[in-house]
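Tertiary structure, described
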Amino acid sequence: MQTKTEVEVIKQPTEKTKRSVSIPRSVWAILTLIGIATIWQVLTVVLEIPRYLLPSPLDITERFIRDFSVLFSHSITTISEVLLGFGLSLVIGIPLAISIVYSKYLANSLYPILIGIQCIPMVSIAPILVIWFGYGLTTKVLLACLISFFPIVINAVVGFRALDKDMHNLGRSIGISEWKIFYYLRLPNALPHLFGGFKVGITLAVVGAIVGEFVASERGLGYLQLTANARLDTTLVFATLFALAIIGMLLFGIVHLIERMMMPWYHANKAGGGNE
């Protein structure tokens, strides 16, 4: 008959084996993409789909490599618009969210208006911005800012309001200033919500920049896609989409990396809970 200690010794290698064979989510994503690309390639060959309707993944990859310098130069323009628009949304959105949390007037008057404005398609605002600011960089930056602005503000407001009232009252009762409560309690508690908004905002900023390039631009991936579409160069259109996907994933990954650096305790708890 085995003792309790012997049973624990037997179980330990099994648990280590389970940890060692766990496959990261990135590997699953890559395998899924490879599977989709393989099915796509096979269908384009078997069904003999014309290239101008749906190019194969091999054609798109070959075009992406061949025109990499062109795609890269236009990508720099798009990335600069995205970063400027996203940065502007942070500069405006975070202080506005803090003001809404601490001001009953803004919470009751401005916050519902912001939610209503979010329902307006930002694409419909693009022609107005062109009339006001012309075809320069300002229009694209403002569109990227407007589209990424609302999820940042709303997530920030939810995060700052998430502090437990008992914790806030306890801090006030022992003489802690409101500024210290914000810095040591409210802000750390809101960080998961903030970075959730940042992740959504950075990807939406890419959409805003592309919309701006559709309506007013002579550079950028959106402009390149429009010119390729006018020439029925579908392969270049898909290569542009591929470049946009890479940009979006890289920017999302950078925000996620900053999140892990600023909140190691949060991700450690998630890992301990088996969520990662």
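- Within an unreviewed UniProt entry, the label attached to the protein chain reads Binding-protein-dependent transport systems inner membrane component, and the organism entered is Evansella cellulosilytica.
- Listed in UniProt under the heading Sequence similarities (unreviewed entry), the comment for the protein chain reads: "Belongs to the binding-protein-dependent transport system permease family."

Considerations on the layout of surface pockets
- Of the voids in this model, the largest pocket is the one considered here, and its volume is about 420 Å³.
- Along its surface, the largest pocket is lined by 13 residues, and Leu33, Ala37, Trp40, Pro57 and Phe242 are the ones closest to its centre.
- Sorting the residues of the lining of the largest pocket by element identifies α2 (25-46), α3 (57-66) and α11 (234-262) as the ones contributing at least two each.
- Sorting elements by how many residues they give to the lining of the largest pocket places α11 first, with six residues.
- In terms of residue class, the lining of the largest pocket is built from 12 nonpolar, one polar and no charged.

Thoughts on the UniProt feature "transmembrane region" (unreviewed entry) in the protein chain
- The UniProt feature table records "transmembrane region" (unreviewed entry) at residues 26-47, 82-103, 110-135, 141-163, 194-216 and 236-258.
- Along residues 26-47 one finds 95% helix and 0% strand; the C-alpha atoms at either end are 31 Å apart.

A word on the environment of Met262
- Within the element layout of this structure, Met262 appears in helix α11.
- Sequence-wise, Met262 and Leu191 are 71 residues apart; in three dimensions their C-alpha atoms are separated by 8.6 Å.

Here we look at the nonpolar core
- Counting 46 residues, the largest nonpolar core has Ile100, Phe160, Leu194, Phe198 and Leu221 as its most contacted members.
- Where this core is concerned, the elements lending two or more residues are α3, α4 (68-102), α5 (104-118), α7 (137-161), α9 (178-215), α10 (221-230) and α11.
- The leading source of residues in this core is α9, at 11 residues.
- When near neighbours in sequence (up to four residues on either side) are disregarded, Leu194 contacts Ile94, Ala156, Phe160 and Leu187.

Section: a nonpolar patch on the surface
- Nonpolar side chains collect at one region of the surface, where Ile39, Val42, Leu43, Val45, Val46 and Leu47 lie side by side and expose about 580 Å² of accessible area between them.
- With respect to the secondary-structure elements, Val46 resides in helix α2.
- Residue classification places Val46 among the exposed positions, given a relative accessible area of 60%.

Quick notes on the environment of Gln41
- Within the secondary structure, Gln41 sits in helix α2.
- Separated by 18 residues in the primary sequence, Gln41 and Asp59 have C-alpha atoms spaced 9.4 Å apart.
- Non-local contacts of Gln41, meaning those with residues more than four positions away in its chain, are made with Ser56, Pro57 and Leu58.
- In terms of polar contacts, Gln41 uses its side chain to reach the side chain of Ser56, at 3.4 Å.

Notes on unusual backbone geometry
- At Glu48, a residue that is not glycine, the phi angle is positive and equals roughly 55°.
- Positionally, Glu48 belongs in the loop between α2 and α3.
- A relative accessible area of 65% means that Glu48 is categorised as exposed.
- Residues other than glycine seldom take positive phi values, yet Leu232 does so here, at roughly 55°.
- Following the sequence through the fold, Leu232 ends up in the loop between α10 and α11.

With respect to the side chain of Arg63
- By the element assignment, Arg63 lies in helix α3.
- Within polar-contact distance, the side chain of Arg63 engages the side chain of Asp67 at 2.5 Å.
- Those residues within four positions of Arg63 in sequence are excluded, and the remaining contacts are Asp233, Thr235 and Leu236.

Points about the packing of α4 against α11
- Remark: α4 packs on α11, axes separated minimally by 11 Å, with the N-to-C direction vectors making an angle of 45°. Taken together, the axis directions place α4 and α11 in an arrangement best described as oblique. In terms of crossing hand, the pair formed by α4 and α11 is right-handed. Contacts between α4 and α11 involve Leu71, Ser75, Ile79, Val82 and Leu83 from the first element and Leu236, Ala239, Thr240, Ala243, Ile247 and Leu251 from the second.

Remarks on the packing of α4 against α7
- One way to put it is that α4 packs onto α7 with a least axis distance of 6 Å and a crossing angle of 35°. Two packed elements cross with a definite hand, and for α4 against α7 that hand is right-handed.
- Looking at the contact of α4 with α7 residue by residue, the classes come out as 22 nonpolar, four polar and three charged.

A few points about the packing of aromatic side chains
- What the rule picks out here adds up to eight aromatic pairs.
- Judged by centre distance (5.9 Å) and plane angle (25°), the ring pair of Phe68 and Phe72 falls under stacked. Pair noted here: Phe68 and Phe72 are both in helix α4, with a separation of four residues, about one helical turn.
- Consider the rings of Phe195 and Phe198, whose centres lie 5.3 Å apart with planes at 75°: the pair is edge-to-face. Of this pair, Phe195 and Phe198 both sit in helix α9, three residues apart, which is roughly one turn of that helix. Note on accessibility: Phe195 and Phe198 belong to one class, buried.
- The structure contains a cluster of three or more aromatic residues connected by ring pairs, namely Phe64, Phe68, Phe72 and Phe242.

Analysis parameters
Residues numbered from 1 in each chain as written. Predicted model: local features only at pLDDT ≥ 70, side-chain atom pairs only at ≥ 80, totals over all residues. Heavy atoms only, no water. UniProt positions renumbered as here; feature names shortened; annotations may be inferred. 1 Å grid on protein atoms, 1.4 Å probe; cavity = no way out; pocket = protein on both sides within 12 Å on 5 of 7 lines; lining within 4 Å. Points joined across faces, edges and corners; volume = space filled by probe spheres on them. Helix = DSSP H or I, 4+ residues; strand = E, 2+ residues; numbered from the N terminus. Nonpolar A, V, L, I, M, F, W, Y, C, P; charged D, E, K, R; others polar. Core = buried A, V, L, I, M, F, W, Y, C linked by side-chain atoms within 4.5 Å. Buried < 20%, exposed > 50% of the residue type's maximum accessible area, 1.4 Å probe, protein only. Contact = heavy atoms within 4.5 Å. Patch = residues over 30% accessible without salt bridge, like charges linked within 9 Å, V, L, I, M, F, W, Y side chains within 5 Å. Areas by Shrake-Rupley, 256 points an atom, 1.4 Å probe, with all protein chains shown as cover. Salt bridge = Lys/Arg side-chain N within 4 Å of Asp/Glu carboxyl O. Polar contact = N/O pair within 3.5 Å; in protein donor to acceptor, adjacent residues only side chain to side chain. Axes fitted to C-alpha atoms, helices over the stretch in contact; angles between N-to-C directions. Parallel < 35°, antiparallel > 145°, perpendicular 65-115°, else oblique. Left-handed = near helix turned anticlockwise from the far one by under 90°. Phe/Tyr/Trp six-rings, centres within 6.5 Å; stacked < 30°, edge-to-face > 60°.

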